[in-house]
There are 4 protein chains.
Amino acid sequence: MSYARQMLDTYPRAWTIDADVLAAAIDALSDCTQACHADNAADLSEQNVTEMVTCIRLCLDCVDVCTATAGVLSRQAEYDAGLTRPLLEACVAICKSCGDECERHARMHEHCRVCGEACRRCERACRGLLAALK
Amino acid sequence: MSYARQMLDTYPRAWTIDADVLAAAIDALSDCTQACHADNAADLSEQNVTEMVTCIRLCLDCVDVCTATAGVLSRQAEYDAGLTRPLLEACVAICKSCGDECERHARMHEHCRVCGEACRRCERACRGLLAALK
Amino acid sequence: MSYARQMLDTYPRAWTIDADVLAAAIDALSDCTQACHADNAADLSEQNVTEMVTCIRLCLDCVDVCTATAGVLSRQAEYDAGLTRPLLEACVAICKSCGDECERHARMHEHCRVCGEACRRCERACRGLLAALK
Amino acid sequence: MSYARQMLDTYPRAWTIDADVLAAAIDALSDCTQACHADNAADLSEQNVTEMVTCIRLCLDCVDVCTATAGVLSRQAEYDAGLTRPLLEACVAICKSCGDECERHARMHEHCRVCGEACRRCERACRGLLAALK
């Protein structure tokens with residue numbers, strides 16, 4: 001069980017969202033950040049770096065947005081739709097773009113295949129949380 | 001002239017947004033991050049910290065969202081509406097909430113007054129950029 | 001196997017550090033960030049928030065330093081002792097301080113017990129990496 | 001006067017460091033983050049991106065370390081040498097490396113010249129703070 005999941009049982013929250021759905025999103029955001037950090041680093045080590053520029057940019061955006069969203073979700077005591085919804089929508093958007101771009105390079109670069117998988121999982125987890133918030 | 005503004009003149013961008021509007025947003029995000037970091041630290045030093053809990057939380061959310069948005073805006077080579085719009089909307093939402101809460105404490109705590117001002121300016125700059133993107 | 005660990009096998013690195021030791025540090029930094037985000041949020045929800053101020057501050061420092069270190073370690077193509085050593089030392093210091101403070105509250109607050117555990121694990125993993133770099 | 005500087009006058013701090021020296025460091029860290037974000041983005045837009053790989057990597061490290069240091073410095077209520085010193089040393093190291101690399105490209109790329117300047121200023125400000133802490 002991840003630290004995020006363990007922590008959600010240890011204190012009372014006014015936010016009545018299912019703890020498993022919330023923890024799944026935080027874990028996926030954290031994993032996606034890890035994968036995108038590693039993937040842009042690996043892209044920069046490739047000989048065909050010119051072809052990897054879009055992938056590098058999208059990975060960097062993905063790190064920034066996932067990091068912020070993980071922080072905000074960890075901190076929500078009450079649900080603030082005005083902040084949480086657009087932030088999750090931004091996450092879904094960048095995870096989708098980054099996942100698509102990573103998959104384009106998946107056959108050539110195993111690191112892009114792995115990163116694409118982390119992006120897909122994060123996109124799904126953020127969509128799942130958005131659906132649960134409706 | 002800020003570094004963000006200077007930099008926008010030094011290389012060709014496909015994103016045809018007005019450089020002054022874009023730099024104003026990046027600068028306001030950077031200032032708001034500074035102010036919110038300092039304000040939550042100051043809140044934690046106050047004797048009535050119990051009354052400052054909401055302000056602390058909102059400042060921390062504001063730091064996370066503004067930091068991510070500044071990164072993404074600095075990096076956009078082409079405009080990606082799917083990412084940029086919801087991210088700016090999340091920024092407007094948190095800057096508004098955080099600015100409102102800071103103003104509630106403005107008479108009692110000068111640091112909250114200053115931080116509220118930075119949040120308002122950032123909210124306006126992000127709204128300005130959103131309008132320019134239409 | 002974590003994404004960090006998987007990624008390290010997918011591309012050639014000039015940095016000849018053992019991949020298991022490096023991935024263990026990145027994973028522990030990522031987990032510690034998660035735990036410290038959740039713990040400062042939980043602290044802010046406690047009735048005795050005044051007594052939790054030091055814990056909140058240390059958790060926030062720990063998030064900032066662990067986040068930066070995870071980014072830098074993920075990106076290192078070559079080992080740069082001038083950067084990596086003091087950064088890991090800063091990590092060890094804040095994980096120790098934060099872990100000590102969390103343990104002080106461990107009996108009263110289960111979230112502090114869990115967070116203290118994440119800090120200890122991260123401190124050990126960073127010390128392990130520092131030792132491997134000698 | 002920057003927000004960081006304004007804020008330091010609004011609440012009592014146990015940390016007896018000169019407010020101008022501290023604010024100068026926080027401002028320089030914030031500016032350097034802005035410049036390094038913009039510079040790695042600009043590098044990624046250059047035709048000779050293969051030659052810019054080291055510059056991109058160093059800019060990304062510089063963003064991560066400067067962001068964390070600005071957060072920690074903003075939050076210090078009391079001076080914690082075990083954390084602050086190595087973190088500032090890491091900052092000095094990466095600002096120096098990044099500034100050196102930027103200067104190598106300064107004639108060819110104006111964005112690297114501007115970024116190199118921001119790195120130098122940040123390196124000096126962090127050294128100044130380290131000296132004041134002795």
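Structure shown above.
Residues numbered from 1 in each chain as written. Chains lettered and ligands numbered in written order. Predicted model: local features only at pLDDT ≥ 70, side-chain atom pairs only at ≥ 80, totals over all residues. Heavy atoms only, no water.

Student: Could you give an account of the overall build of chain A, naming the residues involved and the relevant values?
Tutor: On a plain count of helices and strands, chain A comes out with five helices and zero strands. Each helix and strand of chain A, placed in order from N terminus to C terminus, yields the pattern α-α-α-α-α. Its C-alpha radius of gyration of 15 Å places chain A within 12% of the 14 Å reference for a compact globule of 134 residues. Expressed as lengths along the three principal axes of its C-alpha atoms, the size of chain A is roughly 50 × 30 × 20 Å. The 134 residues of chain A split such that 68% are buried. Taking the contacts inside chain A whose residues are at least 6 apart along the sequence as the reference set, 71% of them involve residues at least 24 apart. By element, 49% of the accessible surface of chain A is carried by carbon and sulfur atoms, the whole surface being about 4,800 Å². For chain A, the distance from the average site of its 14 positive side-chain charges to the average site of its 20 negative ones is 4 Å. (Helix = DSSP H or I, 4+ residues; strand = E, 2+ residues; numbered from the N terminus. Rg over C-alpha atoms; globule rule 2.2 N^0.38 Å. Buried < 20%, exposed > 50% of the residue type's maximum accessible area, 1.4 Å probe, protein only. Contact = heavy atoms within 4.5 Å. Areas by Shrake-Rupley, 256 points an atom, 1.4 Å probe, with all protein chains shown as cover. Lys, Arg positive; Asp, Glu negative; His and termini not counted. Charge placed at Lys NZ, Arg CZ, Asp CG, Glu CD.)

Student: Requested: an account of helix H2 (residues 19–45) of chain A, with residues and values cited.
Tutor: Residue and element names in this part refer to chain A. In a regular helix each residue adds 1.5 Å, so 27 residues correspond to 39 Å; H2 covers 39 Å between its end C-alpha atoms and thus fits that length. Most of H2 is tucked away: 22 of the 27 residues are buried. With a side-chain oxygen positioned 2.9 Å from the backbone nitrogen of Asp20, the residue opening H2 is Asp18. (Expected span 1.5 Å × (residues − 1). Polar contact = N/O pair within 3.5 Å; in protein donor to acceptor, adjacent residues only side chain to side chain.)

Student: Provide a residue-level description of the relation of the copies chain D and chain A, including the pertinent values.
Tutor: Superposing chain D onto chain A takes a rotation of 180° combined with a translation of 0.0 Å along the rotation axis, leaving an RMSD of 0.0 Å. The operation mapping one copy onto its partner corresponds to a two-fold rotation axis. When C-alpha distances to the rotation axis are compared across chain D, the minimum falls at D:Thr50, with a value of 3.4 Å. A shared interface surface links the copies, since 100% of the contact residues of chain D are contact residues in chain A too. (Least-squares fit on C-alpha atoms with pLDDT ≥ 70 in both.)

Student: Outline the side chain of B:Asp43, listing residues and values.
Tutor: Note on placement: B:Asp43 falls in helix H2 (residues 19–45). Buried and without a salt bridge, B:Asp43 has C:Arg57 as its closest oppositely charged side chain, separated by 9.7 Å. Ignoring sequence-local partners within four residues, the contact set of B:Asp43 consists of B:Val49, B:Met52, B:Cys55, B:Ile56, B:His111 and B:Cys112. (Salt bridge = Lys/Arg side-chain N within 4 Å of Asp/Glu carboxyl O.)

Student: Would you mind going over the pattern of salt bridges in detail, with residue names and values included?
Tutor: Going through the model one piece at a time under the given rule, you end up with 52 salt bridges over all chains. Here D:Arg75 ties to C:Asp61 by a salt bridge, and the two come within 2.5 Å at their closest N and O atoms. Linking D:Arg75 in helix H3 (residues 53–75) with C:Asp61 in helix H3 (residues 53–75), this pair reaches from one chain into another. Its relative accessible area of 3% is what places D:Arg75 among the buried residues. For C:Asp61, a relative accessible area of 5% translates into the label buried. The salt bridge involving D:Glu123 is made with D:Arg127; its shortest N-O contact spans 2.8 Å.

Student: If you had to explain the environment of D:Val21 to someone new, which residues and values would you point to?
Tutor: Residue and element names in this part refer to chain D. When you line up the elements, Val21 lands in helix H2 (residues 19–45). On the basis of relative accessibility, which here comes to 28%, the residue Val21 falls in the partly exposed class. As for Val21 and Asp64, which are separated by 43 residues in sequence, their C-alpha atoms are 22 Å apart. Beyond its immediate chain neighbours, meaning those up to four positions away, Val21 contacts Gly128, Leu129 and Ala132.

Student: Can you explain the interface of chain D and chain A? Please cite residues and give values.
Tutor: Of the residues lining the interface, twelve residues belong to chain D; the matching set on chain A comes to twelve residues. Carbon and sulfur atoms make up 67% of the surface buried where chain D meets chain A, a total of about 870 Å² over both sides. Between the two partners, chain D and chain A, sit zero salt bridges. At the junction of chain D and chain A, the tally comes to two residue pairs in polar contact (both at pLDDT 80 or more). Where the side of chain D that touches chain A is concerned, the elements lending two or more residues are H2 and H3 of chain D. Residue composition of the side of chain D that touches chain A, by class: six nonpolar, four polar and two charged. (Buried area = accessible area lost by both parts, 1.4 Å probe. Nonpolar A, V, L, I, M, F, W, Y, C, P; charged D, E, K, R; others polar.)

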